[in-house]
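Observations on the model geometry
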Amino acid sequence: MYRISLITLFFIPLPIKGNPLRSSSTEACLPGKDSVSITLTTEEYPTVYFRVRFYIPIHCLRDRSTQHIYYEQLRTNVLEYGLYCDLQSYLQLGGFALQAEYGDAPLNLMTITESDKSLVPNYFDPGAIYPQRLIQEYGVDNLLRWTLKEHVTLRNMVACTAEFAFIRSASKHTSDFNLHLQSLPKMDRSHFSVCLGVSPEGILLYRQPKDAWIWYTSTIRWSKIDHLSHKHFIQLPIRERMELGVFWKSICPSEALYLASY
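The protein chain goes by FERM domain-containing protein in an unreviewed UniProt entry, where it is assigned to Paragonimus heterotremus.

Listed below in structure tokens is the structure:
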């Protein structure tokens, strides 16, 4: 009971269709030495999964079970959010994920080098590691080869260390998946959509052109936000409101009031 109470400080169980944590099993469980599992014997019963309720600074993740579930959530965010970050960041995240979930790279692949023209066999499913847009842009063969290079360097790293390394890399400013991402209703005649990210740092602003990556644009830090009302209105000090207004007009003059409206 103590373990469950500790975890529910940060996670909320949600009955949803499909498993957001990429497992096709019918078992819901809390990881750890004293894990609790429930095996479902009929489809009549809903499956409950734990998802992050509050994203927090990663130095607060001290319990091993909490770290594992947090890792699972960030893995899901990497696959589903569609946030733009550089290729090397995605490859590094892929290497940590493979080391955490599968262990060391196969020995028979250790001798494959950058100059080797032979194809790297599909020793993992790229679709379970990378978002589909990245696979479409770079191709499966290239991602297999580049990921193998990252994976090999992590040899002998234990799973818990690899998971926390993934969490740390997925929380960097240049590759921040440690947040709730919410799309705002698109306005008429707009060439892009706007998303808000709620993170430990503050409210992050994103823009997404049609059929493209979601691009980070700016951050409103919590220290500059007076309060958030129950009507979802963000109130800023006058100076910050003026600065944000100038910023917003600079990227889209016709939608200067868009943020204040939502």
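1. Digging into the overall build of the protein chain
Secondary structure assignment for the protein chain yields 8 helices and 12 strands. Sequence-distant contacts in the protein chain: of pairs separated by 6 or more residues, those separated by 24 or more amount to 63%. With an accessible surface of roughly 15300 Å², the protein chain has 55% of that area assigned to carbon and sulfur atoms.

2. Brief notes about the environment of Tyr102
Note on placement: Tyr102 falls in helix α3 (residues 87–102). Separated by 57 residues in sequence, Tyr102 and Ala159 place their C-alpha atoms 8.5 Å apart.

3. Some remarks on unusual backbone geometry
Even without glycine at this site, Asn156 takes up a positive phi of about 75 degrees. You can see Asn156 is positioned in the loop between α5 (140–152) and α6 (159–169). Positive phi, normally seen in glycine, also occurs at Asp211, with a value near 55 degrees.

4. Here's the deal with the packing of aromatic side chains
Two aromatic rings, taken as a pair, are described by how far apart their centres are and by the angle between their planes. On inspection of all chains with the given rule, the structure shows 9 aromatic pairs. Considering the side-chain rings of Tyr71 and Phe166, the 5.1 Å spacing of their centres and the 80 degrees angle between planes classify their relative orientation as edge-to-face. Taken together, the residues span a long stretch of sequence, with Tyr71 in helix α2 (residues 64–80) and Phe166 in helix α6 at a distance of 95 residues. When the ring centre of Phe192 is taken as origin, the NZ or CZ atom of Arg207, which lies over that ring, is 4.1 Å away.

5. Quick look at the nonpolar core
With 43 residues, the main nonpolar core has Tyr70, Leu74, Tyr90, Tyr130, Phe166, Phe177 and Tyr206 as its most contacted residues. Every element with two or more residues in this core is listed here: α2, α3, α4 (132–138), α5, α6 and β9 (202–209). With 7 residues, α3 is the largest single contributor of residues to this core. With residues near it in sequence (within four places) discarded, Leu74 still touches Tyr55, Phe166, Ile167, Ala170, Ser171, Phe177 and Asn178. Judged by nonpolar contacts, the second largest core, of 8 residues, contains Leu184, Phe192, Leu205 and Ile220.

6. Observations regarding a nonpolar patch on the surface
Together, Val198, Trp222 and Leu228 give the surface a local cluster of nonpolar side chains, amounting to about 250 Å² of exposed area. In this fold, Val198 is placed in strand β8 (residues 192–199). On the basis of relative accessibility, which here comes to 35%, the residue Val198 falls in the partly exposed class.

7. A short note on the pairing of strand β10 (residues 215–221)
Successive residues of a regular strand alternate their side chains across the two faces of the sheet. Taken together, the 6 bridges between β9 and β10 define a ladder with antiparallel strand orientation. Opposite Ile203, over in β10, you have Ile220 as the bridge partner. Remark: 5 residues form the turn of the hairpin made by β9 and β10, two consecutive strands paired antiparallel; Asp211 in that turn has positive phi of roughly 55 degrees.

8. Notes on the packing of α3 against α6
Direction vectors running N to C along α3 and α6 enclose 155 degrees, while the axes themselves pass 8 Å from each other. For the element pair α3 / α6, the angle class is roughly antiparallel. Handedness of the α3/α6 crossing: left-handed. When α3 is examined against α6, the residues Gln92, Leu93, Phe96, Ala97, Gln99 and Ala100 are found in contact with a partner set consisting of Ala159, Ala162, Glu163, Ala165, Phe166 and Ser169. Grouping the constituent residues of the contact of α3 with α6 by class yields 8 nonpolar, 3 polar and 1 charged.

9. Concerning the sheet that holds strand β7 (residues 180–183)
A sheet is described by the order of its strands in space; here 4 strands give the open sequence β7-β8-β9-β10, paired in antiparallel fashion. In this open sheet, the two strands that pair with only one neighbour each are β7 and β10. In this sheet, adjacent strand axes meet at a mean angle of 25 degrees when their direction is disregarded.

10. Examining the confidence of the model for the protein chain
Per-residue confidence for the protein chain gives a mean pLDDT of 75; residues scoring 70 or more make up 65%. Under a pLDDT of 50 for its full length, residues 1–21 has, in the predicted model, 50 contacts with residues more than four places off or in other chains. Predicted confidence for residues 23–38 stays below pLDDT 50, and this span has 26 contacts to residues more than four positions away or in other chains.

Conventions and cut-offs
Residues numbered from 1 in each chain as written. Predicted model: local features only at pLDDT ≥ 70, side-chain atom pairs only at ≥ 80, totals over all residues. Heavy atoms only, no water. Helix = DSSP H or I, 4+ residues; strand = E, 2+ residues; numbered from the N terminus. Contact = heavy atoms within 4.5 Å. Areas by Shrake-Rupley, 256 points an atom, 1.4 Å probe, with all protein chains shown as cover. Phe/Tyr/Trp six-rings, centres within 6.5 Å; stacked < 30°, edge-to-face > 60°. Lys NZ or Arg CZ within 6 Å of the ring centre and 35° of its normal. Core = buried A, V, L, I, M, F, W, Y, C linked by side-chain atoms within 4.5 Å. Buried < 20%, exposed > 50% of the residue type's maximum accessible area, 1.4 Å probe, protein only. Patch = residues over 30% accessible without salt bridge, like charges linked within 9 Å, V, L, I, M, F, W, Y side chains within 5 Å. Salt bridge = Lys/Arg side-chain N within 4 Å of Asp/Glu carboxyl O. Pairing = 2+ DSSP bridges. Axes fitted to C-alpha atoms, helices over the stretch in contact; angles between N-to-C directions. Parallel < 35°, antiparallel > 145°, perpendicular 65-115°, else oblique. Left-handed = near helix turned anticlockwise from the far one by under 90°. Nonpolar A, V, L, I, M, F, W, Y, C, P; charged D, E, K, R; others polar. pLDDT = per-residue confidence, 0-100.

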